[in-house]
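# A look at the structure
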Amino acid sequence: MSNYRILSSVLSSIHHGCLIAAAGCALALVAAPAYADDYDATLKDIQSTMGGVPSFVKQFPKAGLPGAWAEVKAIELSDKTALPPKVKSLISLAVAAQIPCNYCIWSDTQDAKRAGASDEEIQEAVAMAALTRHWSTIFNGMQVDFDTFKKEMGGQ
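A few points on the structure.

Rules behind the numbers
Position numbers for residues count from 1 along each chain, tracking the sequence in the order it is written. The predicted nature of this model means local features are confined to residues of pLDDT at least 70 and side-chain atom pairs, given and counted, to a pLDDT of 80 or more, with totals for whole chains, interfaces and linings taken over all residues. Excluded from the side-chain calculation are hydrogens and water; included are all heavy atoms of the structure. Grouping into patches uses exposed residues only, defined as over 30% relative accessible area, and leaves out salt-bridged ones; the cut-off is 9 Å for like charges and 5 Å for nonpolar side chains (Val, Leu, Ile, Met, Phe, Trp, Tyr). Surface accessibility follows the Shrake-Rupley procedure with a 1.4 Å probe radius. Residue values consider only the protein chains on display as shielding. For this analysis, a salt bridge means a side-chain nitrogen from Lys or Arg found within 4 Å of a carboxyl oxygen belonging to Asp or Glu. Numbering goes from the N terminus for both helices and strands, where a helix is a DSSP run of H or I of at least four residues and a strand is a run of E of at least two. Any pair of Phe, Tyr and Trp rings, taking the six-membered ring for Trp, is counted once the centres come within 6.5 Å. Such a pair is stacked with planes under 30 degrees apart, edge-to-face with planes over 60 apart, and tilted for the rest. A simple rule labels every residue: compare its accessible area, found with a 1.4 Å probe on the protein chains alone, to the largest value its type can have, and call it buried under 20%, exposed over 50%, or partly exposed in between. Grouping buried Ala, Val, Leu, Ile, Met, Phe, Trp, Tyr and Cys residues that are joined through side-chain atoms within 4.5 Å yields what is termed a nonpolar core. Two residues form a contact once any of their heavy atoms are found within 4.5 Å.

### Side note on a nonpolar patch on the surface
Together, Met 128, Leu 131, Trp 135, Phe 139, Met 142 and Val 144 make up a nonpolar patch on the protein surface, roughly 590 Å² of accessible area in all. As for its position among the elements, Leu 131 is in helix α7 (residues 119-141).

Next comes the structure, spelled out in C-alpha cells:
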C-alpha cells in the first residue's frame, strides 16, 4: 500500500468517531487497562503511519485508543482481509450516509475514489443504503411477521 493511500485510509478510519468510540469502549471494558506505554506506542504508530497525529486523536480516551487503533488497522487498513479496499469504502459510505456522519461521508467518498470507485458505484452504494432503510422502515413499521416473511422469501 502506498504511503498516500495508507494516510488517506487512516484519516478515514479515524474520522469514523462512532465506530472507534464504540470499539474503544468495548475494548476498555473487556481488555486489561491500557497503560501510558500502550498509549504512547499507539501515538508513535499513528505518527509513523500517518506522518502526524491529528488533534482529534488526542481527544479519544487514552484507555481505549490502543485497542481502537488496532481494530482499525486489522480490519479497515489491512490488505489481508476478505473485502478489498473499494468495497470497504463503499460499505462505510453507505452506512455513513444513513447515520448520517458528514466526516465519514467525506472521507469514505475520497477513499472510495482513491480505491477506484466510479461516481456511478458511489451513487449506487448510497442508493442501496436508502433502499434498505426504506424497506426496513416499512417492514418494521407495519410489523410484518418475520417468520412469514422468511417463508415467503425462500427461507425456512
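### Some thoughts on the packing of aromatic side chains
For the coordinates displayed, the defined rule picks out two aromatic pairs. Measuring from centroid to centroid gives 5.8 Å for Trp 135 and Phe 139, while their planes differ by 35°, and the two rings are tilted. Placement of both Trp 135 and Phe 139 in helix α7 is noted, with a separation of four residues, approximately one turn of the helix. When its relative accessible area of 42% is taken as the criterion, Trp 135 is described as partly exposed. Taken together, the ring pairs in this structure connect Trp 135, Phe 139 and Phe 149 into an aromatic cluster.

### Comments concerning the pattern of salt bridges
For the structure on display, the rule yields five salt bridges. For Asp 111, the salt bridge is made with Arg 114, and the minimal N-O distance between the two is 3.1 Å. Of the two residues, Asp 111 and Arg 114 are both situated in helix α6 (residues 102-114); the distance of three residues between them amounts to about one turn of the helix. With a closest N to O distance of 4.0 Å, Lys 150 and Asp 147 form a salt bridge. Linking Lys 150 with Asp 147, this pair stays in helix α8 (residues 146-152), spanning three residues, or about one helical turn.

### Structural notes on the nonpolar core
Formed by Tyr 39, Leu 43, Ile 46, Met 50, Val 57, Phe 60, Leu 65, Ala 68, Trp 69, Val 72 and Leu 77, the largest nonpolar core amounts to 11 residues. Contributions of two or more residues to this core are made by α3 (36-50) and α4 (65-75). Every residue in contact with Tyr 39, bar those within four places of it in the chain, is listed here: Lys 58, Lys 62, Leu 65 and Pro 66. Grouped together as the second largest cluster of nonpolar side chains are six residues, Leu 90, Leu 93, Ala 117 and Ile 122 included.

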